[in-house]
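# A closer look at the structure
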Amino acid sequence: MAPTTAISSDPGSASSSGIRTAIVPAAGLGTRFLPTTKAVPKELLPVVDTPGIEYVAGEAAEAGAKRLVIVVSPGKDAVARYFEPQPELEETLEQRGKTELLEKVRRAHGLLDVETAIQEEALGLGHAVSCAEPNLTPEDEAVAVLLPDDLVLPTGVLGRMARARARYGGTVLCAFDIPKEEISPYGVFDVADTDDPDVKKVNGMVEKPAPEDAPSTFAAAGRYLLDRAVFDALKRITPGAGGELQLTDAVALLIAEGHPVHVVVHRGGRHDLGNPGGFLRAAVDFALQHPEYGPDLREWLRGRVEE
Ligand code: UTP
């Protein structure tokens, strides 16, 4: 995979994207991070010093979203609290002249308006997204969904997805082009070309295929621009893999009913924060680019790897 860039965005990012509301599902159990997730939501684990969910909120704001609906479980109110102002802390930092820290502390709640929806039980990603429907307004003809486990770098793909929706209508998903031999862990799109090599029409999707059965090398990533019609489809699907309501089953139903679905191919990097191995890679990648920690870490890593 291409090297990642922690902070830059591609020039295609649009603030006039038409995306008003973004949904971030964060109500999962986080079992791969047990025992930590007994008490700390995985979405708040720091990639260097900033939780992954703040990067994802920043990406949504950069794409023009004004509102973020975070779907949380009843025990995960710390995720919502993270986006609330901390007046006492801010005052202390101000008095001590800690301007840089003050900016960091204020960033999360300054990005966009954050509200929460509750998913009482972890019944799947599709179910989590449907829990945010009451938060939508009639103007939300489409919503962006960003999985906080998935850092897509550089940012900007949501802007390109919005432009694809403006052209083709319907629902637009995000794909990575993955070498065929590495495709098995992913959901893989069955696609047809358009006149843009990085926009494909989706005919279907196969979950976790063997390389020889994969219909393409385009694997699903955690960014969705969903037409409002998906909420109706979510009411009509039945539990799929693992007894969960799968978002991809709702999208498959829309495709079967003739609703246009496209993917935008993101040619860049990605970090999967959903498991400790992927999370550590992201932390090291971001730390290596950090002006304060990067140089020492690089030197230490070199020595450590040679040992
Ligand atoms: P994952 O399956 O990667 O997260 O879901 P998880 O279930 O929390 O983690 P593990 O597998 O037990 O380790 C992708 C995203 O969807 C959210 C998760 O919080 C994560 O951000 N999700 C998943 C929900 O909000 N509700 C669900 O019922 C399932």
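Residues numbered from 1 in each chain as written. Predicted model: local features only at pLDDT ≥ 70, side-chain atom pairs only at ≥ 80, totals over all residues. Heavy atoms only, no water.

## Topic: the overall build of the protein chain
A tally of regular secondary structure across the protein chain gives 10 helices and 13 strands. Compactness check: the protein chain gives a C-alpha radius of gyration of 20 Å against a globular reference of 19 Å for 307 residues, within 12% of the reference. Dimensions of the protein chain, computed from C-alpha atoms along their principal axes, come out at roughly 60 × 50 × 40 Å. For the protein chain, long-range pairs separated by at least 24 residues make up 77% of all intrachain contacts whose partners lie at least 6 apart in sequence. Taking the average location of the 31 positive side-chain charges in the protein chain and that of its 47 negative ones, the two points are 1 Å from each other. (Helix = DSSP H or I, 4+ residues; strand = E, 2+ residues; numbered from the N terminus. Rg over C-alpha atoms; globule rule 2.2 N^0.38 Å. Contact = heavy atoms within 4.5 Å. Lys, Arg positive; Asp, Glu negative; His and termini not counted. Charge placed at Lys NZ, Arg CZ, Asp CG, Glu CD.)

## Notes on the packing of aromatic side chains
Under the criterion given, the structure shown has three aromatic pairs. When the ring of Y55 is compared with that of F286, the centres are 5.1 Å apart and the planes differ by 70°; the resulting orientation is edge-to-face. Pair noted here: Y55 is in helix α1 (residues 52-62) and F286 is in helix α9 (residues 276-288), with a separation of 231 residues, a long-range link. The class of F286 is buried, set by a relative accessible area of 6%. Between Y82 and F83 the ring centres are 5.5 Å apart and the planes differ by 85°, which places this aromatic pair in the edge-to-face class. Here Y82 falls in the partly exposed class, since its relative accessible area comes to 28%. (Phe/Tyr/Trp six-rings, centres within 6.5 Å; stacked < 30°, edge-to-face > 60°. Buried < 20%, exposed > 50% of the residue type's maximum accessible area, 1.4 Å probe, protein only.)

## Structural notes on the side chain of D150
Summarising the element assignment, D150 is placed in strand β7 (residues 150-153). Of note is the side chain of D150, whose polar atom sits 2.8 Å from the side chain of R270. Not counting residues up to four positions away in its chain, the partners in contact with D150 are V56, A221, G222, R223, R270 and H271. (Polar contact = N/O pair within 3.5 Å; in protein donor to acceptor, adjacent residues only side chain to side chain.)

## Quick look at the pairing of strand β9 (residues 187-193)
In this structure, β9 lies alongside strand β10 (residues 199-207), joined through seven bridges in antiparallel fashion. Each bridged residue has a counterpart across the sheet, and for F189 the counterpart in β10 is M205. Adjacent in sequence and paired antiparallel, β9 and β10 are bridged by five residues. (Pairing = 2+ DSSP bridges.)

## Quick notes on the site of the ligand
Close contacts around the ligand come from 18 residues, with A27, T31, R32, Q119 and G124 the closest. Backbone polar atom of L29 to an oxygen atom of the ligand: 3.2 Å apart, as the coordinates give it. Within the side chain of E43, one N or O atom sits 3.4 Å away from an oxygen atom of the ligand. Here the ligand loses 83% of its free accessible area of 560 Å² to cover by the protein chains. (Near = heavy atom within 4 Å. Areas by Shrake-Rupley, 256 points an atom, 1.4 Å probe, with all protein chains shown as cover.)

## A closer look at the pattern of salt bridges
Here the structure, examined in full by the defined rule, presents 23 salt bridges. A salt bridge links E43 to K76; its shortest N-O distance comes to 3.1 Å. Pair noted here: E43 is in the loop between β1 (21-25) and β2 (46-47) and K76 is in the loop between β4 (67-72) and α2 (77-82), with a separation of 33 residues, a long-range link. Accessibility expressed as a relative area gives 9% for K76, which makes it buried. Put simply, R81 and D77 hold a salt bridge, and the shortest N to O gap is 3.4 Å. Placement of the pair is R81 and D77 together in helix α2, with a separation of four residues, close to one helical turn. Members of the salt-bridge network, linked through shared partners, are R20, R67, E115, E139 and D140. (Salt bridge = Lys/Arg side-chain N within 4 Å of Asp/Glu carboxyl O.)

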